[in-house]
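Geometric and topological summary
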Amino acid sequence: MEDATVTLSVDDGIATVTLNQPESRNALSAELADALTAQFEAVTDSDARCVVLEGAGPAFCAGGDINAMLQGVKHERPPATQVELVVSSLHEAIRTVHSCPLPVVAKIDGPAFGAGAGLALACDMQVASTAGQIGFGFRQVGLACDSGVSYFLPRIVGPNKAKELLFTGELLDAEAAAELGLFTRVFDAETFESELSALVADIAAGPTVALGHAKRLVNRSLDSSLEQALENEATAQGVAFTTADHEEGTTAFVEKRDPEFKGQ
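Residues numbered from 1 in each chain as written. Predicted model: local features only at pLDDT ≥ 70, side-chain atom pairs only at ≥ 80, totals over all residues. Heavy atoms only, no water.

A few points about the overall build of the protein chain
When you go through the protein chain residue by residue, the secondary structure sums to 11 helices and 9 strands. Against the globule reference of 18 Å for 264 residues, the protein chain gives a C-alpha radius of gyration of 19 Å, in line with a compact fold. For the protein chain, the C-alpha atoms occupy an extent of roughly 70 × 40 × 35 Å along the three principal directions. Summarising the internal contacts of the protein chain: among those between residues at least 6 apart in sequence, 67% fall at separations of at least 24. Within the structure as shown, the protein chain displays about 13,200 Å² of accessible surface, and the carbon and sulfur contribution to it stands at 54%. (Helix = DSSP H or I, 4+ residues; strand = E, 2+ residues; numbered from the N terminus. Rg over C-alpha atoms; globule rule 2.2 N^0.38 Å. Contact = heavy atoms within 4.5 Å. Areas by Shrake-Rupley, 256 points an atom, 1.4 Å probe, with all protein chains shown as cover.)

Pasting the structure below:
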């Protein structure tokens, strides 16, 4: 499925969603954010079992739409309209990516900056090449933060480090980002494509229903008590016990062979 600003392709159970505005370094305009939301909604109607989110060109996503910001600065848009037209679209995209029922892997082969960093953190895994970078430089344009950064960032690095990264706007290289847990995997630039493909293929070959529940359980656990988490786990396992993939997994284990999951 093609769109002027975002593309979607599905091959062998892997959906690739591409931010397709390299001339703007994939800046998150309202148009791009709306297209991203639409393409992720389309993913759920496909036969995909895993999603890769990438940016066309040298950047994953360079942040917010500066031209839209300038319209606000020049008083062409009042603040309430600026929020409604720009931030609301961006935040709906963040919600849609984060709540996608499939595993979502951010493919970061360049800078993820500002709102683009928030978009990367909304994914389930952040896999980078050694050319990957991430930074939360909202301060450079005199802004606080958005795109879920105030939610995702302190949960990964802790509140004090999150504030430091926001206060300084430091752009982290791949190694520093991995040390903080902001990148889950880093591969050499020369082997990045093959290593990423192998990783994503392995995830896509997994028990899709069970992995979807595991994703939701972890996401919900951040705001749950232990007792609620245990109840949620029991409910999820009750569903997983009924799947064909559970039957295949247990049978394969007894037969000492690799399981062949069908995503059902």
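Describing the pairing of strand E4 (residues 104-108)
Most of E4 sits inside the fold, with 5 of its 5 residues counted as buried. Residues of E4 alternate between two faces, with Val104, Ala106 and Ile108 on one and Val105 and Lys107 on the opposite face, all of them buried. With 4 bridges joining them, E4 and strand E6 (residues 125-129) adopt parallel strand pairing. Across the sheet, Ala106 pairs through a bridge with Gln126, a residue of E6. (Buried < 20%, exposed > 50% of the residue type's maximum accessible area, 1.4 Å probe, protein only. Pairing = 2+ DSSP bridges.)

What to know about the layout of surface pockets
Its boundaries defined by the atoms lining it, the second largest pocket holds a volume of some 450 Å³. Along its surface, the second largest pocket is lined by 20 residues, and Cys123, Asp124, Met125, Val218 and Asn219 are the ones closest to its centre. Of all the secondary structure elements, the ones that give two or more residues to the lining of the second largest pocket are E6, helix H5 (149-157) and helix H9 (208-221). A per-element tally of the lining of the second largest pocket places H9 first, with 5 residues. Two domains each provide a minimum of three residues to the lining of the second largest pocket, namely domain 1 (6-204) and domain 2 (207-255). (1 Å grid on protein atoms, 1.4 Å probe; cavity = no way out; pocket = protein on both sides within 12 Å on 5 of 7 lines; lining within 4 Å. Points joined across faces, edges and corners; volume = space filled by probe spheres on them. Domains from an automatic or database assignment.)

Structural notes on the environment of Thr5
Note on placement: Thr5 falls in the segment before strand E1 (6-11). A sequence separation of 30 residues divides Thr5 from Ala35, and the C-alpha atoms of the two residues are 6.6 Å apart. Beyond its immediate stretch of four places on either side in the chain, Thr5 contacts Thr18, Leu19, Asn20, Gln21, Glu31, Leu32 and Ala35.

Examining the packing of helix H4 (residues 115-122) against H5
Remark: H4 packs on H5, axes separated minimally by 9 Å, with the N-to-C direction vectors making an angle of 65°. In this structure, the crossing between H4 and H5 has a hand that is left-handed. Between H4 and H5, the contacting residues are Gly118, Leu121 and Ala122 on the first element and Val149, Phe152, Leu153 and Ile156 on the second. Each residue belonging to the contact of H4 with H5 can be placed in one class, and the counts come to 6 nonpolar, 1 polar and no charged. (Axes fitted to C-alpha atoms, helices over the stretch in contact; angles between N-to-C directions. Left-handed = near helix turned anticlockwise from the far one by under 90°. Nonpolar A, V, L, I, M, F, W, Y, C, P; charged D, E, K, R; others polar.)

Description of the sheet that holds strand E5 (residues 111-113)
With mixed pairing, 3 strands are arranged side by side in an open sheet as E5-E7-E8. The open sheet has two edge strands, E5 and strand E8 (171-173), and neither has a second partner. Direction aside, neighbouring strands of the sheet carry axes that sit 20° apart on average. Lying on the sheet, H4 is in contact with E5 and strand E7 (133-135); it crosses E5 at an angle near 100°.

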